[in-house]
Number of protein chains: 2
Amino acid sequence: MAGIIDVAREAGVSTATVSRALSGKDYVSEHTKELVEKVAKRLGYVPSASAYTLVTGRTRNIGVVVPYIDRWFFSTALETIDRELVKAGYDVTLYNLSTDDVHRKSIFTNSLARKRVDAVMCIAVRMSDSELAALTAVNKPIVALGGLINGAKCIKISDTSAGRLATDHLLTMGHTKIAMIGLSGNDEKFFRVFDERRDGYETALKLAGIAPKPGWYKQVSKYAISEGYAAAKQLLGDPHHAPTAIFASSDELAVGAMLAAKDMGLKVPEDVSIVGVDNHELADFFGITTIDQNVTGQAELLVKTMLQVLENPEQEMDQVIDWPIELVVRASTTKVRS
Amino acid sequence: MAGIIDVAREAGVSTATVSRALSGKDYVSEHTKELVEKVAKRLGYVPSASAYTLVTGRTRNIGVVVPYIDRWFFSTALETIDRELVKAGYDVTLYNLSTDDVHRKSIFTNSLARKRVDAVMCIAVRMSDSELAALTAVNKPIVALGGLINGAKCIKISDTSAGRLATDHLLTMGHTKIAMIGLSGNDEKFFRVFDERRDGYETALKLAGIAPKPGWYKQVSKYAISEGYAAAKQLLGDPHHAPTAIFASSDELAVGAMLAAKDMGLKVPEDVSIVGVDNHELADFFGITTIDQNVTGQAELLVKTMLQVLENPEQEMDQVIDWPIELVVRASTTKVRS
DNA sequence: CTGTTAGCGCCTTCAG
DNA sequence: CTGAAGGCGCTAACAG
């Protein structure tokens, strides 16, 4: 573990010169620069991150906070966030909140506060006031994806619009008996994305003069195909009030619904139309009409936004970027049978 | 950003006493300890990680290297690795290798070398000799999951055994025309897991006196349902050599194969038996017989192993832990039709 | 263009 | 049980 002193001695210069030659931030003669670089390489010298941080205050490290890792939205977002940040010369420290409350709290009050990070990214994490206060006290830039955070730049889609768009698509096709499968709830640790999709669904119905029936909403406990399957069976098996269309608030649920319909001998879309949300790769495979939210694009913009903030903290920027959604029509929706 | 000096002044003691009181590692009177703790909390004092690292050499940080994040095996493993490491008081810095070669190289030669981490976890990453040399030079413990690394403790399943077990299951049921869907290749960046599964498959066939036909092996380009679907259609549509059973080297491929069979009017398992690998949640939903590899269990053991190495570097331990696999029989396999 | 010097914030001997 | 002092490895003025 050669240090800067070893390089300096070996090259016959001072440590300051080594530092300058290697960082390229100051005037050094071409000759000594090459010499120093050669010696450094020969000795396998790698600067110590902690010493660098201690003296400069910079860490070249970004804290990324997620509620889960092993779910589509999060692993997809993380994939591009980590890749892009590495390209930009940053390391990524990952904080997974899917743990007990004690450790969750410690992430906000300790880990993120130890001057370990230059900035924090929150991926769809909703925080309590005290958590936000702890985070804000660190006085580092915060950017957020998928949910609003006070004082942070934020990128998100309008989930209400997603719900409306999906429902309007079905209404336009003449459907009036439209059910929804979703996962709403008022857990303070999560954003209301799914409630908002439901709000959009209900608003669309009301504007079309249709009163949403309580029985048309089926609550699931997680975003799995199996859950969508079970919910759709309930919905479609109802002898009196079976819907002609289903709005599933994620593509995985939509896939489950489609499989349930098929298993019941119903044809999609002739007997029942299905719309999802996400544009998951499964939606493509199963030919499911969906609302594309382009998570990769959102993640790329998030990284770009953060790098801008880091370079130029004073710059004026929109606080909230409303990411556009798009209806992708595939084979799972058609006009209602008359 | 209160520092240790502020706390010391405010509490009327020396910085040394503050350090001792807060770390709890040395004798401090109960009285002053409480006092210091109170003052520290009031001032919102959080020790600086870099200063701590600089003086102790410890980082409380683990580097985790993965080839991808957004794939089942990796997001599942990461989920528990991050959670367990946070519980144990470690931060996790995540290095995603799914980037160009320049940045990949830089991860090994720079990022991981800056004394940023106490240890490195490699999740199914295969490295070149020079990458391994760079990593070894850092002189920190390395543990690996899913593939052997020289000098590292490693946890993995036997992929050859997985291939054999799946194939033997089918052979025992009287099948002789057994096809395989897989993803082999000789990319130096990846382990040969899928080739090994194929080796196991071919060995099992040979031991049963069956010569594996080249046409029975279908290569796919990634682990997606859509790929399994396309491959199975090819296999099952063959007018002369259609198999009666398919071994898919992942559950996602197996799901695709099952859907393809159904779309062709074939019944599973009456007309064609299907076996997968992983015990993915989809395998449960679709009733697919599979080889369980319990990724969560492997990840937990990996973390435990790493913590042991960290606590007691000299301790004798097995270099390679062979994680047990288990055949989970579901509804997708049955005796061959006579 | 290069060397000298003074810390960055903390832990850890060594005295008391 | 507590304080004083040195130093972890590096960068950023400030002189030369």
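Definitions and cut-offs
- Residues numbered from 1 in each chain as written.
- Chains lettered and ligands numbered in written order.
- Predicted model: local features only at pLDDT ≥ 70, side-chain atom pairs only at ≥ 80, totals over all residues.
- Heavy atoms only, no water.
- Helix = DSSP H or I, 4+ residues; strand = E, 2+ residues; numbered from the N terminus.
- Rg over C-alpha atoms; globule rule 2.2 N^0.38 Å.
- Buried < 20%, exposed > 50% of the residue type's maximum accessible area, 1.4 Å probe, protein only.
- Contact = heavy atoms within 4.5 Å.
- Areas by Shrake-Rupley, 256 points an atom, 1.4 Å probe, with all protein chains shown as cover.
- Lys, Arg positive; Asp, Glu negative; His and termini not counted.
- Charge placed at Lys NZ, Arg CZ, Asp CG, Glu CD.
- Domains from an automatic or database assignment.
- Phe/Tyr/Trp six-rings, centres within 6.5 Å; stacked < 30°, edge-to-face > 60°.
- Lys NZ or Arg CZ within 6 Å of the ring centre and 35° of its normal.
- Least-squares fit on C-alpha atoms with pLDDT ≥ 70 in both.
- Arc of directions from axis to C-beta.
- Buried area = accessible area lost by both parts, 1.4 Å probe.
- Salt bridge = Lys/Arg side-chain N within 4 Å of Asp/Glu carboxyl O.
- Polar contact = N/O pair within 3.5 Å; in protein donor to acceptor, adjacent residues only side chain to side chain.

1. A few points about the overall build of chain A
Here is step 1: Along the backbone of chain A there are 13 helices and twelve strands.
Here is step 2: Its C-alpha radius of gyration of 26 Å places chain A more than 25% over the 20 Å reference for a compact globule of 338 residues.
Here is step 3: Taking the principal axes of its C-alpha atoms as reference, chain A extends roughly 90 × 40 × 35 Å.
Here is step 4: Taking all 338 residues of chain A together, the buried fraction comes to 53%.
Here is step 5: Considering only contacts in chain A between residues 6 or more positions apart, those separated by 24 or more positions represent 72%.
Here is step 6: Carbon together with sulfur atoms contributes 50% to the accessible area of chain A, which is approximately 15100 Å² in total.
Here is step 7: Placing the 38 positive and 42 negative side-chain charges of chain A at their respective mean positions leaves the two points 2 Å apart.

2. Digging into the domain arrangement of chain A
Here is step 1: When the domains of chain A are assigned, the result is domain 1 (4-56), domain 2 (61-157 + 296-324) and domain 3 (159-292).
Here is step 2: Placing a centre on the C-alpha atoms of domain 1 of chain A and another on those of domain 3 of chain A gives a separation of 61 Å.

3. Quick word on the packing of aromatic side chains
Here is step 1: Under the criterion given, the structure shown has twelve aromatic pairs over all chains.
Here is step 2: Judged by centre distance (5.3 Å) and plane angle (75°), the ring pair of Phe73 of chain A and Phe74 of chain A falls under edge-to-face. Comparing Phe73 of chain A with Phe74 of chain A, the two get one shared label, buried.
Here is step 3: Plain terms: the ring middles of Phe285 of chain B and Phe286 of chain B are 4.9 Å apart, the flat faces sit at 80° to each other, and that makes the pair edge-to-face.
Here is step 4: Assessed through its relative accessible area of 13%, Phe286 of chain B is described here as buried.
Here is step 5: A network of ring pairs unites the aromatic residues Tyr68, Phe73 and Phe74 of chain A as a single cluster.
Here is step 6: Seen from the ring of Tyr68 of chain A, Arg71 of chain A lies directly overhead, with NZ or CZ sitting 3.7 Å from the centre.
Here is step 7: For Arg198 of chain B, the ring lying beneath its charged end belongs to Tyr217 of chain B, and the centroid distance is 3.6 Å.

4. Some thoughts on the relation of the copies chain A and chain B
Here is step 1: For the pair chain A and chain B, the relating rotation is 180°, the translation along its axis is 0.0 Å, and the fit reaches an RMSD of 0.1 Å. Read as a symmetry element, the transformation amounts to a two-fold axis.
Here is step 2: Looking at chain A, 100% of its interface residues are interface residues in chain B too, so the copies touch through the same face.

5. Here's the deal with helix α2 (residues 15-23) of chain B
Here is step 1: Looking only at α2 of chain B, the buried set comprises Thr17, Val18 and Ala21 of chain B. Burial along α2 of chain B is one-sided: seen end-on, the buried residues are contained in an arc of 100°.

6. Examining the interface of chain A and chain B
Here is step 1: Residue-level contacts link 53 residues of chain A with 53 residues of chain B.
Here is step 2: If you sort the residues of chain A by the area they bury against chain B, Glu79, Arg116 and Phe285 of chain A come out on top, with a joint share of 13%.
Here is step 3: One can count three salt bridges joining chain A with chain B.
Here is step 4: In this structure, Asp91 of chain B engages Arg116 of chain A in a salt bridge whose closest nitrogen and oxygen atoms are separated by 2.7 Å.
Here is step 5: Applying the counting criterion to the chain A and chain B interface returns 23 residue pairs in polar contact (both at pLDDT 80 or more).
Here is step 6: Of all elements in the fold, only α4 (49-56), α5 (72-87), β2 (91-96), α6 (101-109), α10 (225-237) and α12 (281-286) of chain A reach the threshold of two or more residues within the side of chain A that touches chain B.
Here is step 7: In terms of residues, the side of chain A that touches chain B owes the most to one element, α5 of chain A, which gives eight residues.

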